[in-house]
Amino acid sequence: MAAIATAINVLGVLFLSHAVYSAYEHSLLPSASTPPPLSHSLLPNSLDPKITLPLDITLETLFSVLLLCAGMVLSSADLKPIQWRVWAGTLEASQEAREVKEVGVGGGNPYQALEERVGFWDVRGVGKATRGWMDGGGDKKGKGRA
């Protein structure tokens, strides 16, 4: 598959370089430098093209770009799964992922970092602990005032 993709990319580059060269040569022709007849265009004069390319050069350019896009897609690597359950299932099923290699690495649970991270601050829980401390008159562990 890589040889086919490389051949398509080479063919696309050849067609694109030929289209660019043809457009350049067409712009040098004396007939191409005469301005097109006045038309009631919606474009301002600064954006109105002074040179119109023939249809075959335009089609060759589009064809070469499509060939290059197809060649790039065919030569790209396989995509990784974007669903967590697929990735986590393959990770948990593998034997080497279950082995704990060092602290914090391995163990078979891909969500361990998410489960042990510092989450949002629980305002209600802290408020209850503070009220209990104020009412109890001691520290948060329930000891009374000294």
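Residues numbered from 1 in each chain as written. Predicted model: local features only at pLDDT ≥ 70, side-chain atom pairs only at ≥ 80, totals over all residues. Heavy atoms only, no water.

Draft legend 1. How the structure looks around the UniProt feature "signal peptide" (unreviewed entry) in the protein chain. If you check UniProt for "signal peptide" (unreviewed entry), the listed places come out as residues 1-22 in our numbering. This span, residues 1-22, is 95% helix and 0% strand, and a straight line between its end C-alpha atoms measures 32 Å. (UniProt positions renumbered as here; feature names shortened; annotations may be inferred. Helix = DSSP H or I, 4+ residues; strand = E, 2+ residues; numbered from the N terminus.)

Draft legend 2. How the structure looks around the packing of aromatic side chains. For the structure on display, the rule yields one aromatic pair. Judged by centre distance (5.4 Å) and plane angle (70°), the ring pair of F15 and F63 falls under edge-to-face. Of the two residues, F15 is situated in helix α1 (residues 2-28) and F63 in helix α3 (residues 55-75); the sequence distance between them amounts to 48 residues. On the accessibility criterion, F15 (30% relative accessible area) is partly exposed. For F63, a relative accessible area of 42% corresponds to the partly exposed category. (Phe/Tyr/Trp six-rings, centres within 6.5 Å; stacked < 30°, edge-to-face > 60°. Buried < 20%, exposed > 50% of the residue type's maximum accessible area, 1.4 Å probe, protein only.)

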